[in-house]
Amino acid sequence: MPSIVAKIKAKEGKESELEAILKDLAGKVHANEPNTLAYILHKDKKDPRTFVFYEKYKSDDDVKKHGSSENFKEAGKKMASCLDGKAE
């Protein structure tokens, strides 16, 4: 079962906007991707601009399905103006 830790940083002043987009994405993943076993959003307590997703999938194919899903693509477009660099 593949797992991913994704670190995402918001531009200064865009923290709330990015957090709302990420929470919306998490809700859509939970509702529509049954083979995503965990998709948990965390906010760094020391740096409120930094968010971390812990993701766990049944298979590598499920990771690919998530990355190519309409919900993921839509969130990516919305996040573009909020990100301080690329996700790690």
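Look a little higher up for the structure.
Now for a look at the structure at hand.

Calculation notes
- Residues numbered from 1 in each chain as written.
- Predicted model: local features only at pLDDT ≥ 70, side-chain atom pairs only at ≥ 80, totals over all residues.
- Heavy atoms only, no water.
- Pairing = 2+ DSSP bridges.
- Helix = DSSP H or I, 4+ residues; strand = E, 2+ residues; numbered from the N terminus.
- Axes fitted to C-alpha atoms, helices over the stretch in contact; angles between N-to-C directions.
- Contact = heavy atoms within 4.5 Å.
- 1 Å grid on protein atoms, 1.4 Å probe; cavity = no way out; pocket = protein on both sides within 12 Å on 5 of 7 lines; lining within 4 Å.
- Points joined across faces, edges and corners; volume = space filled by probe spheres on them.
- Nonpolar A, V, L, I, M, F, W, Y, C, P; charged D, E, K, R; others polar.
- Polar contact = N/O pair within 3.5 Å; in protein donor to acceptor, adjacent residues only side chain to side chain.
- Salt bridge = Lys/Arg side-chain N within 4 Å of Asp/Glu carboxyl O.
- Buried < 20%, exposed > 50% of the residue type's maximum accessible area, 1.4 Å probe, protein only.

## A closer look at the sheet that holds strand E3 (residues 50-57)
- One open sheet accounts for 3 strands, arranged E1-E3-E2; its pairing is antiparallel. Two strands lie at the open edges of the sheet, namely strand E1 (3-9) and strand E2 (36-43), each paired on one side alone. Neighbouring strand axes in the sheet, compared pairwise and without regard to direction, differ in orientation by 15° on average.
- Bridge count for E1 against E3 is 7 bridges, and the pairing is antiparallel. Within E3, the residue paired with Val5 across the bridge is Tyr54.
- With respect to the sheet, helix H1 (residues 15-32) is in contact with E1, E2 and E3, its orientation differing from that of E2 by roughly 165°.
- Across the sheet, helix H2 (residues 60-67) touches E1, E2 and E3, and the angle it forms with E3 is around 135°.

## Here's the deal with the layout of surface pockets
- There is about 300 Å³ of room inside the largest pocket.
- Along its surface, the largest pocket is lined by 18 residues, and Ala6, Ile8, Glu55, Phe72 and Ala87 are the ones closest to its centre.
- Among the secondary structure elements, those contributing two or more residues to the lining of the largest pocket are E1, H1, E3, H2 and helix H3 (70-79).
- When the residues that make up the lining of the largest pocket are grouped by side-chain class, the tally is 13 nonpolar, 3 polar and 2 charged.

## What to know about the side chain of Glu55
- Along the chain, Glu55 turns up in strand E3.
- Within polar-contact distance, the side chain of Glu55 engages the side chain of Tyr57 at 2.4 Å.
- Setting aside anything within four residues of it in sequence, one finds Glu55 in contact with Pro2, Ser3, Ile4, Ala6, Ala38, Tyr39 and His66.

## Structural notes on the pattern of salt bridges
- One pass over the structure, following the stated rule, counts 9 salt bridges.
- One salt bridge connects Lys9 with Asp47, and the closest N-O pair in it is separated by 3.3 Å. One end of the pair, Lys9, is in strand E1; the other, Asp47, is in the loop between E2 and E3, and 38 residues separate them in sequence.
- Of the residues examined, Lys9 reaches a relative accessible area of 30% and is grouped as partly exposed.
- When salt bridges with common partners are traced through the structure, they connect Asp24, Lys28, Glu74 and Lys78 into a single cluster.

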